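# Breakdown of the fold
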Amino acid sequence: MFSFRFRQTDKYPLIKPFVYLKKPYIERMSSSCNPTFPFVQVAVPTPLHLLFDYRLRDQQSAIPGSRVKVPFGRRSVIGIVVRGLAESAYPAKKLRAVTEVLDEDALLPEDVMSVLSWASRYYHHPIGDVLCSALPVLLRQGKPAALAHREIFRLTTGEHAAPSENRAALQFSLYNVLCEAGDEPVDASTFAALSPRWRSAIKPLIEKGVVQADSSMVLPRNSAVETGPSLVPEQQTAVDAISGSLGSFAPFLLHGVTGSGKTEVYLRCLEAALQQGKQVLILVPEIALTPQLMRRFQRRVSGCLVSLHSAMNATERSQNWLLAAKGHADVVIGTRSAVLVPLPRLGLVVIDEEHDGSLKQQDGFRYHARDLAMVRARDRSCPIVLGTATPSFETMNNAATGRYKELPLTHRAGDAKPPVLSLLDIRRRPLIEGMSDRLFDAIGQHLEAGNQALVFINRRGFAPTLLCNDCGACADCRRCDAHMTVHAKRARLRCHHCGSERPVPDVCESCGSVELDRIGYGTERIAAALAEAYPDVTIARIDRDSTRKKGALQKQLDVATSGEAKLLVGTQMLAKGHHFPGVTLVCILDADRGLFGTDFRSLEQMGQLIIQVAGRSGREQKQGHVLIQTRNPDNPMMQTLVAEGYSAFAKIALDDRRLALLPPYAFVALVRAEAPDAESPMRFLRGVSQRLMNPPVAGVYVLGPVPAPMERLGGRYRAQLLLQAERRSLLNECLARLTVNLDTLKEAQRTRWSIDVDPVDLF
Ligand code: ADP
Ligand code: ZN
Ligand code: ZN
């Protein structure tokens, strides 16, 4: 988030106010690529919705999309050239000069620049920050946009004498390696593995003209080692439709039940695109959580396959980004931010699990990767596939209105049957550690039959609350309006919102009583209870705590997949796309929470989570069962979901959204504000509200301001204002008017504020 306390002073370059919506930042004009302009307009990473004019020095030229180093205030920053200017609105003498042009070619090509410019207007986020956030960190810092090269060696053609084995033993072995390699060059690393002194040994060989040294680009190549199964008719229909649209914009919703072979469809379409020499972009929610998926692509794809995600180091990331941007990579598999990577040969976009909330950036430039991908696909005239078993309500609506073509996969692939879902009424039933006696019976039966059971609870830690039995006080976070979660094994209280920690106290922090109760359940507690009930069974717990160490997640997933662990306990990390062949029973403990969530998306998210978790069961020959513990077995939404499935559930929930004028039938944005005191954000937002109401815009409703559902977070107070509009254009106009001069509001000095267009949650 930005602090909008910026003031223009004469130290800053002259700025030209920019009027939103009237004119895009970046027009598609070939003349703007003329590198001989004397001035350039540059986007610099600042919270201002402005571009800045700079003067080019003699001999300097810069084309749009290239990076420049420029003075900005007292700092020197890396900016991106947006366009060349024949003349500036400001006197040339007053303009500051570009310090250095970093790229000869455009690092961000025209199409990416234009999508980003659109995104800056759509999300009302400063253009400089938007453009810069499209670059990997190292390039943002001004590092050269060069692909790594490796040293290679080969024997020169022609006559030469072999080195003597006795007098120059190392030279002799290096020479032999080169002879054996024949026409293939030998990598420096091969020599380095032979001896640390290889460099001094090879030098005389080069000097004598026996060996030739070279450098070659490091191009990772992947070879397929597997072919796919033959497709079922529905898969074939989907593949035909998508592959048949290569070369033109066509949005598809691949709506396939869990385990129906969606990934198989992606792979076939990908092959078709590669055959036509196109690049394929695949966005997945979290690569680190789904190593299986990455391995599956590696086994099946031939070509240059690279990934892009936050768990990689900065060098790897910028190398893979450059491989994609320079057209070397054939397939890019990445998380959210990969949607912004330049792809000169882009021919197909796939968004796997398009409903997943992690596709939306939650701070700074708050874009939705699915929506940006849609804009890119249209711009580049290529098909885009949104795959999921549980489409977001926006996507459901787009399919219903015919904007997206729906491709259904209604059956599970292979012999697998759909899981049977049932509600388990826990009212007036004995509960042992939050689990019903009937749940234990079911787990016991499945274990006895030699199968695996998965217990899902979307809370980590031991217990979400530590309560004093004498005075009723809870151990609360000192910086947030939230209870501390008890982590029993580490004997710590931890706040899951701000991360602060303290030891679990022996006595009540308010009254000194020793009567402290741990209330509620988390994965740690459930795993402990199950360990007690089934002492001989290996349990794999998968949540953010148990998988923090490097390699820990992989290890847990391995024991879960191999069947070594018969019981799996976890949070939504377990729900995401995993394939555990032996799981026949899934137990969902805390489904009810979604029924009473404060957010308008709570119900949608509950439905998606239940169906996704349920989808982990019975993925091979054996029938899968799902037990959902509930105290609301009569709830019509819960019943519809269980008895009729996700689509029927979504249809009813969508009708409610329509009545309440909520997305996808209306368009919303949230203005958030926060400050160290409670009053400032509210006062600031009241000012914002006044501006929005004066004059009021018909069809736009301003709700609030209200304190955020959790007002205090990390020691700061938060408030929010909700804008609801009947038409997208109205919302856009209001926000545009707002951003022009919001920082002139008095309270803007004391608050940090941000705009969230199409928010995924209202916290
Ligand atoms: P989804 O992505 O929809 O969850 P997957 O593509 O992972 O489904 O497929 C689930 C399982 O079914 C995988 O093990 C996959 O190899 C297998 N599978 C997919 N398509 C077929 C098919 N046509 N015939 C046989 N098995 C298939
Ligand atoms: Zn007390
Ligand atoms: Zn906290």
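Here goes a summary of the coordinates provided. As the structure is a computational prediction, the values presented were derived from the model and not from experiment. Once a new chain begins, its residue numbering starts again from 1 and follows that chain's sequence as written. Just so you know, chain letters begin at A and ligand numbers begin at 1, following the order they were written in. This being a predicted model, a pLDDT of at least 70 is required before a residue's local features are given, and a value of 80 or more before pairs of side-chain atoms are given or counted; all residues contribute to the totals for chains, interfaces and linings. Remark: hydrogens and water are excluded; side-chain values derive from all non-hydrogen atoms of the structure.

## A few points about the environment of Asp214
Definition in use: Think of it this way: any DSSP run of H or I at least four residues long counts as a helix, any run of E at least two long counts as a strand, and we number them from the N terminus. Whether two residues touch is decided by their heavy atoms; if any such pair falls within 4.5 Å, the residues are in contact.
Residue position: Asp214 is located in strand E9 (residues 211–217). Separated by 521 residues in the primary sequence, Asp214 and Leu735 place their C-alpha atoms 56 Å from one another. Not counting the four nearest positions on each side in its chain, Asp214 is found in contact with Arg150, Glu151, Ile152 and Arg154.

## Structural notes on unusual backbone geometry
Operational definition: Under the scheme applied here, a residue whose accessible area is under 20% of the maximum for its type counts as buried, over 50% as exposed, and between as partly exposed, the area being computed with a 1.4 Å probe on protein chains only.
With an omega of 5°, the peptide bond running from Pro663 to Pro664 counts as cis. Relative to the elements of secondary structure, Pro664 occurs in the loop between helix H18 (646–659) and strand E30 (667–675). Look at the link from Asn694 to Pro695: it is a cis peptide, with omega at -5°. Tracing the backbone shows Pro695 in the loop between helix H19 (679–693) and strand E31 (700–713). Phi at Asp758 is positive, roughly 50°, even though this residue is not glycine. Here Asp758 shows up in the segment after strand E33 (752–757). According to the relative accessible area criterion, Asp758 is buried, its value standing at 14%.

## Topic: the pairing of E33
Worth spelling out the cut-off: Pairing between two strands is assigned when DSSP locates at least 2 bridges connecting them.
When you tally the buried positions in E33, you get 5 out of 6 residues, the bulk of the element. With 6 bridges connecting them, E30 and E33 associate as antiparallel partners. Residue Leu670 lies in a different strand from E33, and its bridge partner there is Asp756.

## Some thoughts on the coordination of the zinc ion (ligand 3)
Tetrahedral coordination by four donors sets the ideal angle at the metal to 109.5 degrees; octahedral coordination by six donors sets it to 90 or 180 degrees. The cut-off we apply is this: The donor definition counts N, O and S atoms within 2.8 Å of each metal and applies 3.2 Å to Na, K and Ca; water is not among these atoms, so some sites may look incomplete. The geometry test gives tetrahedral to four donors whose angles all lie between 85 and 135 degrees, gives square planar to four donors and octahedral to six donors whose opposite members are over 155 degrees apart with all other angles between 65 and 115, and gives irregular to the rest.
Within the protein, Cys477 (SG), Cys480 (SG), Cys495 (SG) and Cys498 (SG) serve as the donor atoms for the zinc ion (ligand 3), at 2.2 to 2.3 Å. Note that the zinc ion (ligand 3) binds 4 donor atoms; their angles at the metal cover 106 to 114°, and the shape is tetrahedral. Between consecutive donor residues of the zinc ion (ligand 3), the sequence gaps follow C-x2-C-x14-C-x2-C. One end of the pair, Cys480, is in the loop between strand E21 (465–468) and strand E22 (485–487); the other, Cys498, is in the loop between strand E23 (492–494) and strand E24 (501–503), and 18 residues separate them in sequence. On the basis of relative accessibility, which here comes to 24%, the residue Cys498 falls in the partly exposed class.

## Considerations on the sheet that holds E22
Formally: The axes are straight lines fitted to the C-alpha atoms, using for helices just the contacting stretch, and the angles between their N-to-C directions are given from 0 to 180°.
Taken in spatial order, the 3 strands make up an open sheet running E22-E23-E24, and their pairing is antiparallel. Pairing within the sheet leaves two strands with one partner each, and these edge strands are E22 and E24. When strand polarity is set aside, the average angle formed by the axes of neighbouring strands in this sheet is 30°. Across 3 bridges, the pairing between E22 and E23 is antiparallel. In the sheet register, Thr485 faces E23, and the bridge partner there is Arg494.

## Some points on empty space enclosed by the protein
Which entries qualify depends on this criterion: A 1.4 Å probe that fits but cannot get out identifies a cavity on a 1 Å grid over protein atoms alone, an open set with protein on both sides within 12 Å along at least five of seven lines counts as a pocket, and a residue lines either if it has an atom within 4 Å of a point. Grid points are joined across faces, edges and corners, and a volume is the space filled by probe spheres set on the points.
Taken as a whole and judged by the stated rule, the model has 2 cavities of 30 Å³ or more. Put simply, the second largest cavity is a space of about 30 Å³. Forming the boundary of the second largest cavity are Tyr122, His124, Arg728, Leu731, Asn732, Leu735 and Val757. The element best represented in the lining of the second largest cavity is helix H20 (residues 728–741), accounting for 4 residues.

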